[in-house]
Structure formats: structure tokens, C-alpha cells
Amino acid sequence: MLNKIFVSEIAYGETYQNAEYQVTTPDGQIDFKIGEQNQNLDQLLDANGVDVACLITACNPLGQQVAVEVNLTANHSLELAIQAMGLPYYPGHGNDPKGAWKEGSYLMMGIDPVKARQLGDLYQQNAVVWISKDAPPELMWLR
């Protein structure tokens, strides 16, 4: 029997792996991809005095497309939750390179992996993007 994480990776792995990610900072835009080391992300981590970050969205729970208004409301709720945690964050998004979809997101600086998982689970995400200093961004599967 397949476990839930393996099923998510089969169903969404290629989509998430091939996505293009972007974060907007006061110093400009950072573009990155899963599995590709990014010096600009490392510099952003350094500037915030942290070794890890997590890119998370509240859009399209469980990978099911919902109305734009629903996604906007969910992402606003996520932003309020991030603010309540008191962690620095930056707006961003993930998108399909072919333009089929685009999801607003937030890059949270210094969040620990347990809390990142909890927040992703709260917003019913299949995965979040985990970023560690001196390592390529990777998918952290939640289901």
C-alpha cells in the first residue's frame, strides 16, 4: 500500500518540482527553482540572521483549484498567522512555467521545520518549499 507522502509526490511532484518561484524583497526580486542552489537566497538568509526559511501558500488546498477570491482570503489569513508568529517574511509566488497557474505565497525567515509543517497542514498544503543556507531549495512533503 502506498503511503500518503508517496501518493502526493506521484500526483504533484513534477508540477511542484518544475515550478518557478519568486520572492520580492526591498532589494529586488529573487527567482529560484527546486534543486538549484541560489546565492541570492543565501544572502537573504544572511541578511536576516537565519539559516533556514520556508516558502508557503494557502492557495488551492490539497492541490485542488479554487476561486481566486477564496485563494486571496486564505492567503490573507496565512499572512496574519505569519505576522502573529513575529517572523520576518517576504511576499512571493510560485507559478507554472507554461502559465497554467500562479499562487501567491510568503517566504518566512527562521521558521523551524516543525512549525513549517504545522502551518502547511493548517492550510491543507501538499508541500512547502524548504530553504537551508548553502543548500538548494527542496520540497517538504506534508501528505
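Reading the values: rules and limits
Residues numbered from 1 in each chain as written. Predicted model: local features only at pLDDT ≥ 70, side-chain atom pairs only at ≥ 80, totals over all residues. Heavy atoms only, no water. Salt bridge = Lys/Arg side-chain N within 4 Å of Asp/Glu carboxyl O. Helix = DSSP H or I, 4+ residues; strand = E, 2+ residues; numbered from the N terminus. Buried < 20%, exposed > 50% of the residue type's maximum accessible area, 1.4 Å probe, protein only. Pairing = 2+ DSSP bridges. Axes fitted to C-alpha atoms, helices over the stretch in contact; angles between N-to-C directions. Contact = heavy atoms within 4.5 Å. 1 Å grid on protein atoms, 1.4 Å probe; cavity = no way out; pocket = protein on both sides within 12 Å on 5 of 7 lines; lining within 4 Å. Points joined across faces, edges and corners; volume = space filled by probe spheres on them. Nonpolar A, V, L, I, M, F, W, Y, C, P; charged D, E, K, R; others polar.

S.K.: Can you walk me through the pattern of salt bridges in this structure?
M.R.: Summed over the entire model, instances satisfying the criterion amount to three salt bridges. For the salt bridge of Lys-133 with Asp-46, the shortest nitrogen-to-oxygen distance reads 3.1 Å. In this pair, Lys-133 sits in the loop between strand E6 (127–132) and strand E7 (138–141) while Asp-46 sits in helix H2 (residues 39–47), placing the two residues 87 residues apart along the sequence. A relative accessible area of 45% means that Asp-46 is categorised as partly exposed. The shortest N-O distance in the salt bridge between Lys-133 and Asp-134 comes to 4.0 Å. The exposed category is assigned to Asp-134, whose relative accessible area is 57%. Where salt bridges share partners, they join Asp-46, Lys-133 and Asp-134 into one cluster.

S.K.: It is not clear to me how the sheet that holds strand E1 (residues 20–25) should be interpreted in this structure. Could you clarify?
M.R.: Taken together, seven strands build an open sheet; the order of strands is E2-E1-E4-E5-E3-E6-E7 and the sheet is antiparallel. A strand with exactly one partner marks an edge of an open sheet, and here the two such strands are strand E2 (28–32) and E7. Put simply, the sheet's adjacent strands are angled 30° from each other on average, direction ignored. Pairing of strand E3 (residues 52–56) with strand E5 (residues 102–109) involves four bridges; the strand directions are antiparallel. When the sheet's bridge partners are listed, Ala-53 is paired in E5 with Met-109. Sitting on the sheet, helix H3 (residues 68–85) is in contact with E3, strand E4 (89–95) and E5, with an inclination near 5° to E5.

S.K.: Could you clarify how one ought to interpret the layout of surface pockets in this entry?
M.R.: In this approach the atoms are scanned with a rolling probe the size of a water molecule, which exposes any empty space left behind. Taken as a whole, the largest pocket holds about 380 Å³ of empty space. Every residue lining the largest pocket is counted, 22 residues in all, and those nearest its centre are Tyr-16, Thr-57, Trp-101, Glu-103 and Gln-125. Elements with a contribution of two residues or more to the lining of the largest pocket: helix H1 (4–18), E3, E4, E5 and E6. Among the residues making up the lining of the largest pocket, the classes are represented as 11 nonpolar, 10 polar and one charged. One number sums up the size of the second largest pocket: a volume of about 200 Å³. Lining the second largest pocket are 13 residues, and of these Cys-59, Asn-71, Lys-102, Glu-103 and Gly-104 lie nearest its centre. Residue assignment for the lining of the second largest pocket shows that the elements contributing at least two residues are H3 and E5.

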